[in-house]
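Now for the letters of each chain:
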Amino acid sequence: MEHEDFKFYKNWRTLLSTTRHTEIGILYLWTAFINLLLAGSSAAIMRLQLGGFEGIVTPDTYYTLVTLHGLAMLLFFVPPVFTGLANYVLPKMIGAPDLYWPKIIALAYWMFASSSIMLWSSLLIGHAPLGWTLYPPNSIIIPDPGVDIVIMAVVLVGISTVISAINFLMTILRLRHPSVKFTLSSLPLFVWAFLATILLMIVALPPLAIGGIMLLLERHLHADFFMGTGDALLWPNVFWFFGHPEVYILVLPAFGVVSEVIPRMARRPIYGRRAIALSSILIAFISYFVWIHHMFTTPTSLYIDIAFMVTTVAVAVPTGIKVFNWVATLYKGRIRVCTPMVFSLAFVGVFIIGGITGVWLAWIPFDYAVHGTYFVLAHFHFVVWPIVFALLSGIYYYFPYMTGKMFHEKLSKVSFALLLIGVLGTYLPWIELGLMGMPRRYYEYPAEYGSLQDISTFFTFFIVAGILVFIVDILTSIRSGKPVADREDPWGGGKLGMPDFAPVQHSLNLNGSAFQYHYPHPRPAIVGLFSSVAMIGGYLILNGVYSLGIMLIAIFIVLLAEWFDFDYLGKFSTLARYLSEFTLEKLERARRSDALIAVLWFIFSEAMIFGTAFTAYMFLRASYVARFGTWPPIGVTPVETTPVIINSIFLFSSSFTIQLAYSYYTKKDYTKFLVLLNLTTILGIIFITGQIREYLTSGLAISNTIYGSTFYLITGLHGFHVIMGLIFMALVTAAALKGTLGFERKGFVEAATIYWHFVDIVWIFVLAIVYFNLAGIIAAYCGIHF
Amino acid sequence: MPLIPKPVEEWYKEFSKQEKIWIAIALAVAIILAATTLSWPLIDPKHEVPSSAREFNPTAYKEIANNFSSIYNGKLVPPNTDIYIAAQQYFWSISTLVLKKGVDYRFHLGSLDVIHGFTIVGNGTVYSIMVMPGMEYVFTMNFKNAGTYYVICSEYCGYGHGSMRMVIEVVA
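1. Description of the overall build of chain A
When helices and strands are counted, chain A shows 25 helices and two strands. Computed over the C-alpha atoms, the radius of gyration of chain A is 27 Å, within 12% of the 28 Å expected from 2.2 N^0.38 for a compact globule of 786 residues. A burial count over chain A gives 62% of its 786 residues as buried. Sequence separation of at least 24 residues holds for 83% of the intrachain contacts in chain A that already meet a minimum separation of 6. For chain A, the accessible area works out to roughly 29100 Å², and carbon and sulfur atoms hold 72% of it. For chain A, the centre of its 45 positive side-chain charges and the centre of its 40 negative side-chain charges are spaced 11 Å apart.

This is the structure:
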């Protein structure tokens, strides 16, 4: 355990190069808390403006703070802080030596850190007065660069979250201790809850990324997605397809923490363990089918509204199962009223207010009354504050593990009391305000709402005080807290038959030598921090500053290539392989065959991107036909199909060559393998050249109605993936030429093959939908005008 | 030490009698709720969703709405007259609408620039519609109580979002 107390953050070298899951977890927690303080300060300023201190900010700044408060709390505070907690506890809970890819989680962390910097720097660069939902046309017609920075930070944090989600998934699937089975009654409840969260992250965040890219394209290249021939209703659909699962991404880990804390503090096994575990997955599943409830007051068909109302109300069922089981666990328990427990109990209590108001909002007639009012705000603040309670419960519960010290019991309870009073006092008036019809996002408001706003502001001081007390408590406890007597089991859960952590499977210390599985590696941090530089490069290119933009992206690519070279081609890989013959052998063998599974999950996430793009095409087309009655749009000549057929033949034949190459690889005929692999690369390059030729000669511009916009979006996305596949194959070739591509790297080759097949399969859909108008043909066959 | 407090056979435990009763009650409630919810449009077919997606020309619509406003602003709108309202950053095309109590009025509503929210507040009523640009909304409204209602913007539209107001006077 002595390594846990190593002060990695005292030295910037160790800080940048750590890949240890506990240390990355703690970094996540600190960074997320800085985001909390900044986002909380934004909220406090907004609160002062609304109650008693009118005029302390301009409307411009006020609405920028609205945007940043929402985005920072929902994307840059809660998911990262739970990712941090999971980084720390999840491997220990399942008895894993570390996360599946220690370097990738470091990369995900530094990308998150760099996107956080980007988000807050938007305040210095400009204003983003949008609201966190970024609804167009406002997010398009406001030319401020602050808006671009915010959108890019959101896209970047989305990518970081997906990467870390796949990493966690592989950890849960592959690195469990043999005693931890993948069953409802064996896997810890936090892990079940986090597993559900991961599944949501992988599905929900890619649509947000593609939505963000569509916004940027419309802002800078005048594409027509949301304005002009496009439809502003597309964005709420894309956004809330991400946005609703996102709120379950926030709440599910909180459920997990509470399910871990309550039984140990009530000193009673959790009641209905399997039901709680299963309900997490059920919530994740249902949450994909509820997004329309954010748009009940827009022109959607009543039948669709009702279907989504039913699914939304159905979410209350698995959530109710959890609440009843927690309460049943408390029944006849010997409850220890210590800080983690009081926070968990407050979670259950306050969450019920948030949950019930949510069920009311799901009813369409009620939503017509309170849509967009303070009632909605009250509802989701009563959902997110319990999440913060659960989070604090988790942090206090695992604090002795993290630091070896105990927090101040009294001080932490003072903080709890202040927070609870503050939360109830601040947000209960909002329910009344909402029923009185006060809309949200008002910089100024009529006098009749004033007294309730003042009450709300008054109680905000309790929240601020509670957070300050919490900070003081944590900081002083880290420095001079009472050392814990039993570091292995500070809460005595083991004695109750409910140990917090499972035994670790692999001992990776090499006979006391310094070289460990968590070898320090600075490259993830460098690449992660430069990811935002690459985003800014892309932004400059969109704005026509080509030389600097291409240079910034080139720097990022060089850094990536250097990392790959170091790990897979250079001296280091020989060392790693040498080591693998000893202690890492067993682990490495498990990891090798897994590259395929990991790539399949990655492809699943990519499929969501393409799914979103295709759905956007269908949506825009239906909307256009309904308004203007023709397709293709007036003044557009469809793209010629003859060249694309020839082009497709090259791409499809490359699928056969790579499969043949792979079969030679399995027969260990590396010469033929390399020849066929390079043939595949050449076919891919021919295809890309053909596409570029088509872009140059078709005479279609991206700003030429929704036809041009969706055409370039979908084919451009596909082209980007072809280039990714080509890079993948170039890496395989490089490794083969260096002689580091032995048969033990089978997974790598397998992954490259599967990825290339995926690119080809997507092309079938692109051909059918974009070029050959399959949807139109089917619709005509069914007699629908489309 | 295994993490599992009890052996895995716990899986195969039969449901107890109480559990079965609870499941039956929960299922029955779910079925009743689902049946009533899904049959709602059949029971209440008059419920109208304020939507009509049709070709919408902002400049032409603005002219119609301004015409309407210049005739009827502050004056009683006679029954069987269509009401045209345009939303724009940051005002409604008409500032005072006078309507008669208990009469069906046909409203036309459209946004000329960004998303606005059309929310009626007053006399204990709150009702809101999200006004997407590029569409003309047509719906019927009937005010059952006389008095003063306010129309405010409930969907963030820009700096002046809070100052977008109009008055509906309903007279007996």
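2. Some details on the environment of A32 of chain A
Residues and elements named next belong to chain A. Looking at the secondary structure, you find A32 in helix α2 (residues 21–50). A32 sits 48 residues away from P80 along the chain, and the two C-alpha atoms are 6.0 Å apart. With residues near it in sequence (within four places) discarded, A32 still touches F76, F77, P80, V81 and F112.

3. Thoughts on the interface of chain B and chain A
If you look at the interface, chain B gives 44 residues, while chain A gives 59 residues. On the surface where chain B and chain A come into contact, there are zero salt bridges. Across the chain B-chain A interface, the total number found is eight residue pairs in polar contact (both at pLDDT 80 or more). Per-class residue counts for the side of chain B that touches chain A are 28 nonpolar, ten polar and six charged.

4. Here we look at the packing of aromatic side chains
For any pair of aromatic rings, geometry is given as the distance between the ring centres together with the angle between the planes. Here the structure, examined in full by the defined rule, presents 76 aromatic pairs over all chains. Both rings, one in F239 of chain A and one in F242 of chain A, keep their centres 5.6 Å apart while their planes meet at 75 degrees; by these two values the pair is edge-to-face. One end of the pair, F239 of chain A, and the other, F242 of chain A, are both in helix α8 (residues 234–266), three residues apart, so they sit about a helical turn from each other. Each member of the pair, F239 of chain A as well as F242 of chain A, is classed as buried. With a centroid separation of 6.2 Å and 75 degrees between ring planes, the pair formed by W360 of chain A and F366 of chain A is classed as edge-to-face. When its relative accessible area of 25% is taken as the criterion, F366 of chain A is described as partly exposed. One Lys or Arg, R165 of chain B, reaches over the ring of Y150 of chain B and ends 4.8 Å from the middle of that ring.

5. Section: the sheet that holds strand β8 (residues 147–153) of chain B
Residues and elements named next belong to chain B. With mixed pairing, the five strands of this open sheet are ordered in space as β3-β9-β8-β5-β6. Every interior strand has two partners, whereas the edge strands, β3 (96–100) and β6 (125–131), have only one. On average, each strand axis in the sheet is tilted by 20 degrees relative to the strand beside it, whichever way the strands run. Here strand β5 (residues 116–122) runs beside β8; their pairing, made up of four bridges, is antiparallel. Note on β8: the bridge partner recorded for T119 is I152.

6. A few points about the domain arrangement of chain B
Looking at the assigned domains, one finds that chain B contains domain 1 (8–43) and domain 2 (52–171). The gap between the C-alpha centroids of domain 1 of chain B and domain 2 of chain B is 45 Å.

7. Examining the environment of I609 of chain A
All names here are of chain A. Mapped onto the secondary structure, I609 falls in helix α20 (residues 595–628). Relative accessible area serves as the criterion here: at 15%, I609 is assigned to the buried category. Expressed as a C-alpha distance, the spacing of I609 and I249, which sit 360 residues apart in the sequence, is 19 Å.

8. Side note on helix α22 (residues 670–697) of chain A
Residue pairs spaced three or four apart in an α-helix point in one direction, given the helix's 3.6 residues per turn. In this model α22 of chain A runs 40 Å from its N-terminal to its C-terminal C-alpha over 28 residues, within 8% of the 40 Å that 1.5 Å per residue would give. Once α22 of chain A ends, the next one or two residues include G699 of chain A, with phi positive near 75 degrees.

9. Some thoughts on the side chain of S116 of chain A
Residues and elements named next belong to chain A. Its place among the elements puts S116 in helix α4 (residues 102–125). Given the relative accessible area of 4%, S116 is considered buried. A distance of 3.2 Å separates polar atoms of two side chains, one belonging to S116 and the other to N35. Once residues within four sequence positions are removed from consideration, S116 is found in contact with N35 and F76.

About the criteria used
- Residues numbered from 1 in each chain as written.
- Chains lettered and ligands numbered in written order.
- Predicted model: local features only at pLDDT ≥ 70, side-chain atom pairs only at ≥ 80, totals over all residues.
- Heavy atoms only, no water.
- Helix = DSSP H or I, 4+ residues; strand = E, 2+ residues; numbered from the N terminus.
- Rg over C-alpha atoms; globule rule 2.2 N^0.38 Å.
- Buried < 20%, exposed > 50% of the residue type's maximum accessible area, 1.4 Å probe, protein only.
- Contact = heavy atoms within 4.5 Å.
- Areas by Shrake-Rupley, 256 points an atom, 1.4 Å probe, with all protein chains shown as cover.
- Lys, Arg positive; Asp, Glu negative; His and termini not counted.
- Charge placed at Lys NZ, Arg CZ, Asp CG, Glu CD.
- Salt bridge = Lys/Arg side-chain N within 4 Å of Asp/Glu carboxyl O.
- Polar contact = N/O pair within 3.5 Å; in protein donor to acceptor, adjacent residues only side chain to side chain.
- Nonpolar A, V, L, I, M, F, W, Y, C, P; charged D, E, K, R; others polar.
- Phe/Tyr/Trp six-rings, centres within 6.5 Å; stacked < 30°, edge-to-face > 60°.
- Lys NZ or Arg CZ within 6 Å of the ring centre and 35° of its normal.
- Pairing = 2+ DSSP bridges.
- Axes fitted to C-alpha atoms, helices over the stretch in contact; angles between N-to-C directions.
- Domains from an automatic or database assignment.
- Expected span 1.5 Å × (residues − 1).

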